[in-house]
Amino acid sequence: MKLILLGPPGSGKGTQSRRICERYKVPQISTGEIFREAIRERTPLGLKAKTYINAGQLVPDQLVIDIIEDRISRQDCKNGFVLDGFPRTVGQAEALSKMANASGVFTISFQVNEDELVKRLSSRRTCKDCGTGYHLLFSPPKKEGKCDQCGGNLYQRDDDKPETIRKRLTVYKNQTAPVSEYYKKLGKLASVDGMGEVNKIFGLIEKAIEDLT
């Protein structure tokens, strides 16, 4: 099973991808984790990526593609993988289609309305002292405004404020809409309602995987 997950921040991709990987025994692959691993292991591709990251620049498309191709060629991807964060552009999607180990890839897109996404993301809080994260809806602190671990004050990061979140969501929509359309035209896209209870959503994902494969 080779799967791409598309969905805006707060849509539940992270939660569901872990369940998918456990259910189908395939690795989860995120571009951020790949970069960190490649840099940590000082691979040639990782060292190239590091020069751009250290300079505060975006990693070029072709380098991202090369790193993904190297990652999915490994033995643990023999029976499939779940991609999160790639492809972000139609060019990346087209490059993925040409990779030897990426034949049969299909896509699930999480659909969650914007108001719900803002509500979820703006409910995140972080401890100023130890950095522990909380969520006012799903994992609130025992005492309002205080960290369970060290008693430090909790705060809301700037990028978790509603006005910033809406800007991020607009960027995401503009960026990924063409990617969704690309896979839709290929008949390799299923949309899943990301609203509701976690187990129910996972059931919809399993049904989508059955239909696509």
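Along each chain, residue indices are assigned from 1 in the same order as the chain's sequence is written. Confidence filtering applies because this is a predicted model: local features only for residues at pLDDT of at least 70, side-chain atom pairs given and counted only at 80 or more, and all residues used for totals across whole chains, interfaces and linings. Side-chain figures throughout are based on the complete set of non-hydrogen atoms in the structure, without hydrogens or water.

## A short note on the packing of aromatic side chains
Pairs were defined over the aromatic rings of Phe, Tyr and Trp, the Trp ring being its six-membered one, requiring ring centres within 6.5 Å. Orientation was assigned from the angle between planes: stacked under 30 degrees, edge-to-face over 60, tilted for the rest. Across all of its chains, the model carries 1 aromatic pair by this definition. Of note, R19 hangs over the ring of F202, and the distance from its end group to the ring centre comes to 4.7 Å. Its end group placed over the ring of Y24, R23 keeps NZ or CZ at 4.6 Å from the ring centre. Geometrically, a charge over a ring is one whose NZ (Lys) or CZ (Arg) sits within 6 Å of the ring centre while staying within 35 degrees of the ring normal.

## Points about the environment of S180
Tracing the backbone through its elements, the reader meets S180 in helix α7 (residues 162–185). Taking the C-alpha atoms as reference points, S180 and I108, 72 residues apart in sequence, are found 9.1 Å from one another. Any pair of residues with heavy atoms lying within 4.5 Å of one another is described as a contacting pair. In this structure, S180 is in contact with L6, S109 and L189, ignoring residues within four places of it in sequence. Strands are runs of DSSP state E lasting at least two residues, helices are runs of H or I lasting at least four, and both sets are numbered from the N terminus onward.

## As for the pattern of salt bridges
Counted as salt bridges are all cases of a side-chain nitrogen of Lys or Arg within 4 Å of a carboxyl oxygen of Asp or Glu. All told, the structure shown has 13 salt bridges when counted by the stated rule. One salt bridge connects E37 with R74, and the closest N-O pair in it is separated by 2.9 Å. You can see E37 sitting in helix α2 (residues 31–40) and its partner R74 sitting in the loop between α4 (61–72) and β3 (81–84), a full 37 residues away along the chain. For R74, a relative accessible area of 31% gives the class partly exposed. Only protein chains enter the accessibility calculation, which uses a 1.4 Å probe; a residue is then buried when its area is under 20% of its type maximum, exposed when over 50%, and partly exposed in between.

## Describing the packing of helix α6 (residues 114–121) against α7
Their axes nearest at 10 Å, the elements α6 and α7 cross at an angle of 130°. The orientation of α6 with respect to α7, classified from their angle, is oblique. Between α6 and α7 lies a crossing of right-handed hand. Residues E114, D115, L117, V118 and L121 of α6 pack against P162, I165, R166, L169 and K173 of α7. Inter-axis angles, ranging from 0 to 180 degrees, are taken between N-to-C directions of lines fitted to C-alpha atoms, where helices are fitted over the stretch in contact. Working definition: roughly parallel below 35 degrees, roughly antiparallel above 145 degrees, roughly perpendicular at 65 to 115 degrees, and oblique for all remaining angles. Should the near helix be turned counterclockwise from the far one by less than a right angle, the crossing is left-handed, whereas a clockwise turn marks it as right-handed.

## Some points on the packing of α2 against helix α3 (residues 44–54)
Here α2 crosses α3 at 110°, and the two axes come no closer than 8 Å. Classified by the interaxial angle, the pair formed by α2 and α3 is roughly perpendicular. α3 is crossed by α2, and the crossing has left-handed handedness. Contacts from F35, A38 and I39 in α2 reach G46, A49, K50 and I53 in α3. Polar here means any residue outside two lists: the nonpolar Ala, Val, Leu, Ile, Met, Phe, Trp, Tyr, Cys and Pro, and the charged Asp, Glu, Lys and Arg; Gly therefore counts as polar. For the contact of α2 with α3, a count of residues per class yields 5 nonpolar, 1 polar and 1 charged.

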